[in-house]
Amino acid sequence: MTTQSEQSARPSVGRRHVTTTTSLDSLVGAHPDALKQLYEAGTPADPAELGDVPRGRLLALQPTAGVHLAMRPLITALASRWMPWKGNEFDHGGNSGTNVVFGSRVCRFKAQLMPSELDGEPTLALTYGEKAFGNPWPVSAIKDELRTVETGLAIGPVLLKWHERWHAVLWFGLTRVDHQ
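Parameters at a glance
- Residues numbered from 1 in each chain as written.
- Predicted model: local features only at pLDDT ≥ 70, side-chain atom pairs only at ≥ 80, totals over all residues.
- Heavy atoms only, no water.
- Salt bridge = Lys/Arg side-chain N within 4 Å of Asp/Glu carboxyl O.
- Helix = DSSP H or I, 4+ residues; strand = E, 2+ residues; numbered from the N terminus.
- Buried < 20%, exposed > 50% of the residue type's maximum accessible area, 1.4 Å probe, protein only.
- Arc of directions from axis to C-beta.

**Regarding the pattern of salt bridges**
At step 1: Evaluation of the coordinates by the stated rule reveals eight salt bridges.
At step 2: Residue Arg-57 is joined to Asp-25 by a salt bridge in which the shortest nitrogen-to-oxygen separation is 2.3 Å. Of this pair, Arg-57 sits in strand E2 (residues 55-61) while Asp-25 sits in the loop between helix H1 (4-9) and helix H2 (32-41), and the two are 32 residues apart along the sequence.
At step 3: You can call Arg-57 buried: its relative accessible area is 10%.
At step 4: For Asp-25, a relative accessible area of 28% translates into the label partly exposed.
At step 5: Residue Glu-89 pairs with Arg-105 through a salt bridge whose shortest N-O separation is 2.8 Å. A residue pair is termed long-range when its members are at least 10 positions apart, and Glu-89 in strand E3 (residues 85-91) and Arg-105 in strand E5 (residues 104-115) qualify at 16 residues.

**What about H2?**
At step 1: All of the buried residues along H2 are Pro-32, Leu-35, Leu-38 and Tyr-39. The buried residues of H2 all sit within an arc of 120° when viewed along its axis, so they share a single face.

See below:
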């Protein structure tokens, strides 16, 4: 029989610890499970805290989670500086905006607090489905979720609605330009 002190001295099996980060770049290539933990520990993102045009980065592809180590170099290459998507631009007091792709503003979204599709907790959701935006499918079937994990740094999943269910497709992050 083991004592309480012997049990507490053992490393915890199956326990994960959430760490913090100070850089969006340090999260590129992180495992989707680690990003989910950071996201779940965060608070709903505030567009004002991210600035008018936060820089964006692809962090991970959800479908590759099972073969993450093999896919990590590809994810890192996809997330490099040459990626066409550069981030988001918020307008109207942070309640809407557009994506910045090759320097152009495309794919309008509505930004609002709502329950997360992952855990039901509050998140800043960017939705693209309003008819007035004119976004084509699959963009109109996407919802981005964002939570702040450090001052000026937010991460979240990109979700695709398919057969009436939301599916995580990838993880991304936004950082205030002066935060880098």
